[in-house]
Amino acid sequence: MLLLEHPDELQKVLGDVRGRTSAVLGADVSSGAALRCSVMEALRLTAHTIGGIRKVVAPDGFEMTQADGKRLHVPHGQYIVLCHTVPNRDAATWAEPMAFAPGRFSGPRAFDEYEFTTFSA
C-alpha cells in the first residue's frame, strides 16, 4: 500500500524486480537496493509486533522514566509491553519520522537495535 501511495518509489522497486521472479516472490529481498530499502522502511513504519511483555517481579515494583521525563511507578505483578512502533518513529533518530522515505536506508548510516527495533531484542 505504501508503494501505491508513492509512485516514484514504486517505479524504483519495479525496476529492481523486473525479470527477477525470485525477488518478486520474496525469495531474494536483497536483489535490489530500492526493494530492500522499501521493505526496511515499510517495516519501520508498520512494526506489527510487540517487542516483549515483561512482568514486574520486584516486590516493591520499580520506577521508570518516561520519554517526557516524568517518573512512573510500576507495581509488583504488573506487565510492561515494549512497542516497536515508538522508537521507529522517534524524531531524534528519524528525520520526518512519519514519512515513507525508503532512501533513508540507502546511505552508509547503520541503525542499531535501539533505533530500528522491528527485529531487535
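Residues numbered from 1 in each chain as written. Predicted model: local features only at pLDDT ≥ 70, side-chain atom pairs only at ≥ 80, totals over all residues. Heavy atoms only, no water.

Asks: Residue-level account of the overall build of the chain, with values.
Replies: When helices and strands are counted, the chain shows 5 helices and 4 strands. Counting helices and strands in the order they occur from the N terminus, the chain gives α-α-α-α-β-β-β-β-α. Per-residue burial over the chain gives 26% buried out of 121 residues. Put simply, of all contacts in the chain between residues at least 6 apart along the chain, 50% involve residues at least 24 apart. Split by element, the accessible area of the chain, about 8,100 Å² in all, is 60% carbon and sulfur. (Helix = DSSP H or I, 4+ residues; strand = E, 2+ residues; numbered from the N terminus. Buried < 20%, exposed > 50% of the residue type's maximum accessible area, 1.4 Å probe, protein only. Contact = heavy atoms within 4.5 Å. Areas by Shrake-Rupley, 256 points an atom, 1.4 Å probe, with all protein chains shown as cover.)

Asks: I'd like a rundown of helix α2 (residues 7–17), residues and numbers included.
Replies: An α-helix turns once every 3.6 residues. As a result, residues three or four positions apart point the same way. All of the buried residues in α2 are Glu 9, Val 13, Asp 16 and Val 17. In an axial view of α2, the angular spread of the buried residues amounts to 85°, which keeps them on one side of the axis. (Arc of directions from axis to C-beta.)

Asks: Quick one: what's the story with the side chain of Arg 44, residue by residue and with numbers?
Replies: Looking at the secondary structure, you find Arg 44 in helix α4 (residues 33–45). Looking at Arg 44, the relative accessible area reads 0%, which means it is buried.

Asks: Give me the lowdown on the confidence of the model for the chain, citing residues and values where you can.
Replies: Of all residues in the chain, 87% have pLDDT values of 70 or greater, and the mean over the chain is 82. At the low end of the mean pLDDT range in the chain sits helix α3 (residues 21–24), at 48; at the high end sits strand β3 (residues 71–74), at 95. The low-confidence segment residues 23–30, where pLDDT is below 50, has 11 contacts with residues more than four positions distant or belonging to other chains. (pLDDT = per-residue confidence, 0-100.)

Asks: Outline α4, supporting the account with residue identities and numerical values.
Replies: Taking 1.5 Å per residue as the helical rise, α4 with its 13 residues ought to reach 18 Å, and the 18 Å between its terminal C-alpha atoms agrees with that figure. Looking only at α4, the buried set comprises Ala 34, Leu 35, Cys 37, Ser 38, Glu 41, Arg 44 and Leu 45. (Expected span 1.5 Å × (residues − 1).)

Asks: I'd like to hear about the environment of Leu 35, residue by residue, with values.
Replies: Here Leu 35 is to be found in helix α4. On the accessibility criterion, Leu 35 (13% relative accessible area) is buried. Taking the C-alpha atoms as reference points, Leu 35 and Val 17, 18 residues apart in sequence, are found 7.7 Å from one another.

Asks: Got a sec to walk through a nonpolar patch on the surface? Specific residues and values, please.
Replies: Residues Ile 50, Ile 53, Tyr 79 and Val 81 make up a contiguous nonpolar surface patch of roughly 420 Å² in combined accessible area. Following the sequence through the fold, Tyr 79 ends up in strand β4 (residues 79–83). Exposure remark for Tyr 79: the relative accessible area of 52% places this residue in the exposed category. (Patch = residues over 30% accessible without salt bridge, like charges linked within 9 Å, V, L, I, M, F, W, Y side chains within 5 Å. Salt bridge = Lys/Arg side-chain N within 4 Å of Asp/Glu carboxyl O.)

Asks: Help me get a handle on the pairing of strand β2 (residues 62–65), residues and values and all.
Replies: Every other side chain in a regular strand lies on the same face of the sheet, so the side chains alternate between the two faces. Summarising the sheet, β2 and β3 pair through 4 bridges and their orientation is antiparallel. Note that in β3 the partner of Met 64 across the bridge is Leu 72. Between β2 and β3, which pair antiparallel and follow one another directly, the connecting turn spans 5 residues, one of which, Gly 69, has a positive phi of 95°. (Pairing = 2+ DSSP bridges.)

Asks: Just give me the short version of the side chain of Glu 9, but keep the residues and values in it.
Replies: On the secondary structure map, Glu 9 appears in helix α2. The contact partners of Glu 9, leaving out residues within four places of it in the chain, are Leu 3, Phe 100 and Pro 102.

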